[in-house]
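Remarks on the overall topology
Residue strings, one per chain:
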Amino acid sequence: QLSFCLAQTKKDYLQDESKVENYTLPALLRLNNGKQVKTTKEWENSRRPELLKTFAEEVYGKTMASSAALPYRIVSVNKNALNGIATRKEVQILLSKSKGARQLNLIIYTPNQIKEPVPVFLGLNFSGNQEMNTDTGITITKYWTRFAGEPGFSSAGIANEKSRARSEGRWNVELILSSGYGVATAYYGDLQLDRKDIYSLPDDFNKWYDPQKELKPDSSQWGAIGIWAWGLSRALDYLEKDPSVNAKKVAVIGHSRLGKAALWAGAQDKRFAMVISNNSGEGGAAITRRKFGETIKRINTSFPHWFADNFKKYNDKEASLPIDFHELMALIAPRPLYVASASEDLWADPVGEYTALFYAGDIYKLYGFETFKDRNPPATDTPVRAGVLGYHKRTGKHDITKYDWEQYINFADLYLK
Ligand code: GTR
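As recorded in an unreviewed UniProt entry, the protein goes by the name 4-O-methyl-glucuronoyl methylesterase-like domain-containing protein, listed as coming from Pedobacter heparinus.

Structure representation (structure tokens):
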């Protein structure tokens, strides 16, 4: 019985390198009409828009909301936060004009020791802004979270005082500030709750954003990742208005599902100066044709609300998907891009993540940058860099740790300072 279970699990999880079959990636630098892309101009004018459209229609869904900057309100400013090392601001961005519209509650810390506008790391968080540290000035999110019954959350998933600083190790706010950066975050659930039944709830973005013409579900309508990515751009709109921030130097960052959102945000919005994917895996940094770890079918089954419905056409049919995820990362070129994996995070497929970055290199080459020479990922805990691409595989589990942040800061020091 037990051996049967283990065998099932292994098969299910596709974690045997020797069983990975060969695959052929769609050609990054070939237009849908077969013509080869030879210049960055052809890339910018033809191939890039073509890929963006395919990712929107077949993977994440089309962006359904306006990209105009939104009204915001500064809720509080504390110039003496974290024992005086930082200024903390809470800002509410009103996500639409309709009654009952939600706000994106953004928190920004900037280092007091620096007088000019600072570069900033911007990323969404999983459990509310209060997760980042013990600062009691941070408003606790009032929305549902996935952490029902865990310390700091009611049985209905509502956060309380005890949830403060629960993800302190994932943010490392003081390290970021002392390195000369600001950090900004918002709860991803302000935008769209991360639950399968979201479309039956009044909380659904598509219902409250514009009730007059409730965004009709269609097979290429965006899923939650698209909404989160849109929210990152709206946060950047605000950062452009904040005099303590250098909005031309904003790195968008995310872990796991939020790493998928960071990549999609960075792909669509060229204002992000740098993109960082931490363990984003399937539907993010990993090559999906490499059948290892999570698959399209698995992700669409567990999280049917993340992608466009069209993405479900590719369950067990990866080879028929017109794109693969090296092409998502290529959309970020020529901007600096960092991908990180973790040695025990086989579900996210570290080899697949590196491979996608490796092949995204073809467009960086066209822009004149150096790219990785080695097709195989580097040894664990050995960060590597080529041109404006960076990668590491950290020892340990699916997570974002101080070690990861240290590498991101070292990398950002090269381009954002
Ligand atoms: C997993 C999911 C992954 C990844 C992860 C996370 O359950 O299968 O794709 O997104 O969650 O967000 O932590």
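Quick look at the packing of helix α2 (residues 40–60) against helix α8 (residues 257–268) now. At a minimum axis separation of 11 Å, α2 and α8 run at an interaxial angle of 145°. Once α2 is placed against α8, the crossing between them reads as left-handed. Each of R48, L52, F55, A56 and Y60 in α2 lies in contact with α8, whose residues at this interface are W264, A267 and Q268. Taken together, the residues that form the contact of α2 with α8 break down as six nonpolar, one polar and one charged.

A few words now on the site of the ligand. Around the ligand sit S256, R257, K260, E294, I299, F303, W306, W347 and H398, and those are all the residues in its vicinity. In this structure, an oxygen atom belonging to the ligand sits 2.8 Å away from a side-chain N or O atom of K260. Note that an oxygen atom of the ligand is positioned 2.5 Å from one of the side-chain N or O atoms of E294. Considered on its own, the ligand offers 320 Å² of accessible surface; in the complex 81% of this is hidden by protein.

Averaged over all residues, the pLDDT of the protein is 95; the fraction at 70 or higher stands at 96%. Counted against residues more than four places away or in other chains, residues 1–10, with its pLDDT under 50, gives two contacts.

In this section: the packing of aromatic side chains. Considering all chains together, one arrives at 31 aromatic pairs under this definition. Geometrically, the ring pair formed by F55 and W264 is tilted, given 6.4 Å between the ring centres and 40° between the ring planes. Separated by 209 residues along the polypeptide, F55 in helix α2 and W264 in helix α8 bring together distant segments of the chain. For W264, a relative accessible area of 1% puts it in the buried group.

Reading guide: rules and limits
Residues numbered from 1 in each chain as written. Predicted model: local features only at pLDDT ≥ 70, side-chain atom pairs only at ≥ 80, totals over all residues. Heavy atoms only, no water. Axes fitted to C-alpha atoms, helices over the stretch in contact; angles between N-to-C directions. Helix = DSSP H or I, 4+ residues; strand = E, 2+ residues; numbered from the N terminus. Left-handed = near helix turned anticlockwise from the far one by under 90°. Contact = heavy atoms within 4.5 Å. Nonpolar A, V, L, I, M, F, W, Y, C, P; charged D, E, K, R; others polar. Near = heavy atom within 4 Å. Polar contact = N/O pair within 3.5 Å; in protein donor to acceptor, adjacent residues only side chain to side chain. Areas by Shrake-Rupley, 256 points an atom, 1.4 Å probe, with all protein chains shown as cover. pLDDT = per-residue confidence, 0-100. Phe/Tyr/Trp six-rings, centres within 6.5 Å; stacked < 30°, edge-to-face > 60°. Buried < 20%, exposed > 50% of the residue type's maximum accessible area, 1.4 Å probe, protein only.

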